[in-house]
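A structural walkthrough
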Amino acid sequence: MTNKEIEKLTETLLINHGLFKAPVKTSKLAKSLGIQVELQDLDDEVSGFLVQKNNKDIIGVNENHPISRQRFTISHEIGHYMLHIKHQSLFVDYHKGGKLFRKSSNETNYNWEREANRFAASLLMPNKLISEEIQKLPEDLDYDTKCWKLSNRFKVSEQAMDYRLMALGYSDYGY
């Protein structure tokens, strides 16, 4: 899917479920989609998983990770659910260096992970909501302070917000 298609899908999903406001309630969205979210004591490198078994959809999330990481993982797994579950019934995602990835050299899996990451970023930090929040910030704040304030508002890591702002073109303007 293109970035534009993912943006439209996540915005429509949030609006249809009455969740188009910051911070996005990821667990509530999962429940609304019929996906059970379970906190699990997983190895530190495992962020989470999505499994479809016995007509049940379950997202497992590493309970030892920070809340912002857990929220991104849930959103990432919802991305797999919306985009890829028809092709595969199990996704196990690892975390290293601020990114979610799968232990596979398969190009399809690589592309699916990139899509799920873009989906998660778009779901947690919708472009329209970021734009609205930026308008509320004092213009004289430096970029790092604005990024920090936005990350707190959206309950995501500063690194995730920085990536999202760059992807949306806001950082180029020192916004």
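Residues numbered from 1 in each chain as written. Predicted model: local features only at pLDDT ≥ 70, side-chain atom pairs only at ≥ 80, totals over all residues. Heavy atoms only, no water.

**Observations regarding the packing of helix H6 (residues 143-154) against helix H7 (residues 158-168)**
Taken N-terminus to C-terminus, the directions of H6 and H7 make an angle of 110 degrees; their axes are 9 Å apart at the nearest point. Comparing their axes, H7 and H6 come out roughly perpendicular. In this structure, H6 crosses over H7, and the sense of that crossing is right-handed. Across the interface between the two elements, Tyr143, Cys147, Trp148, Leu150, Ser151 and Phe154 of H6 pack against Glu158, Met161, Asp162 and Leu165 of H7. A class-by-class count of the residues in the contact of H6 with H7 yields seven nonpolar, one polar and two charged. (Axes fitted to C-alpha atoms, helices over the stretch in contact; angles between N-to-C directions. Helix = DSSP H or I, 4+ residues; strand = E, 2+ residues; numbered from the N terminus. Parallel < 35°, antiparallel > 145°, perpendicular 65-115°, else oblique. Left-handed = near helix turned anticlockwise from the far one by under 90°. Contact = heavy atoms within 4.5 Å. Nonpolar A, V, L, I, M, F, W, Y, C, P; charged D, E, K, R; others polar.)

**Overview of helix H3 (residues 67-83)**
The periodicity of an α-helix, 3.6 residues per turn, causes residues three or four positions apart to be oriented the same way. Compared with an ideal rise of 1.5 Å per residue, which puts 17 residues at 24 Å, H3 spans 24 Å between its outermost C-alpha atoms and is within 8% of the ideal. Across the 17 residues of H3, 14 count as buried, placing the element largely inside the fold. (Expected span 1.5 Å × (residues − 1). Buried < 20%, exposed > 50% of the residue type's maximum accessible area, 1.4 Å probe, protein only.)

**Observations regarding the nonpolar core**
Core analysis: the largest hydrophobic core is formed by 21 residues, its most contacted members being Leu29, Leu33, Ile35, Ile59, Ile78, Phe119 and Leu123. For this core, the secondary structure elements donating two or more residues are helix H1 (3-16), helix H2 (26-32), strand E3 (56-62), H3 and helix H4 (107-124). Counting residues per element, this core draws most heavily on H3, at four residues. Beyond its immediate sequence surroundings of up to four residues, Phe119 is in contact with Ile6, Leu9, Thr10, Leu13, Ser75, Ile78, Gly79, Met82 and Leu83. Within the second largest apolar cluster, 19 residues are counted, among which are Leu129, Ala160, Met161 and Leu165. (Core = buried A, V, L, I, M, F, W, Y, C linked by side-chain atoms within 4.5 Å.)

**Points about unusual backbone geometry**
Pro23 follows Ala22 through a cis peptide bond whose omega is -10 degrees. By the secondary structure assignment, Pro23 is in the loop between H1 and H2. Phi at Lys155 is positive, roughly 55 degrees, even though this residue is not glycine. Along the polypeptide, Lys155 turns up in the loop between H6 and H7. Look at Lys155 and you get partly exposed, because its relative accessible area is 46%.

**Things to note about the pairing of strand E2 (residues 46-53)**
Counting buried positions over the eight residues of E2 gives six, a clear majority of the element. Of the strand pairs in this sheet, E2 and E3 are connected by six bridges, and their pairing is antiparallel. Its bridge partner being in E3, Gln52 is matched across the sheet by Asp57. Here E2 hands over to E3 after two residues, with Asn54 in that stretch at a positive phi of 50 degrees. (Pairing = 2+ DSSP bridges.)

**Digging into the packing of helix H5 (residues 127-136) against H7**
To describe two helices that pack against each other, one gives the angle between their axes and the distance between the axes. Running from N to C, H5 and H7 cross one another at 100 degrees; their axes reach a closest spacing of 12 Å. Our classification of the angle between H5 and H7 gives roughly perpendicular. On H7, the residues touching Asn127, Ile130 and Ile134 of H5 are Met161, Arg164, Leu165 and Leu168. Among the residues forming the contact of H5 with H7, the class breakdown is five nonpolar, one polar and one charged.

**Brief notes about the side chain of Asn62**
Examined against the element boundaries, Asn62 turns out to sit in strand E3. Look at Asn62 and you get buried, because its relative accessible area is 0%. At a separation of 2.8 Å, a polar atom in the side chain of Asn62 contacts the main-chain carbonyl oxygen of Val46. Dropping the residues within four chain positions of it, Asn62 is found in contact with Gln40, Leu42, Asp43, Asp44, Val46, Ser47 and Gln70. (Polar contact = N/O pair within 3.5 Å; in protein donor to acceptor, adjacent residues only side chain to side chain.)

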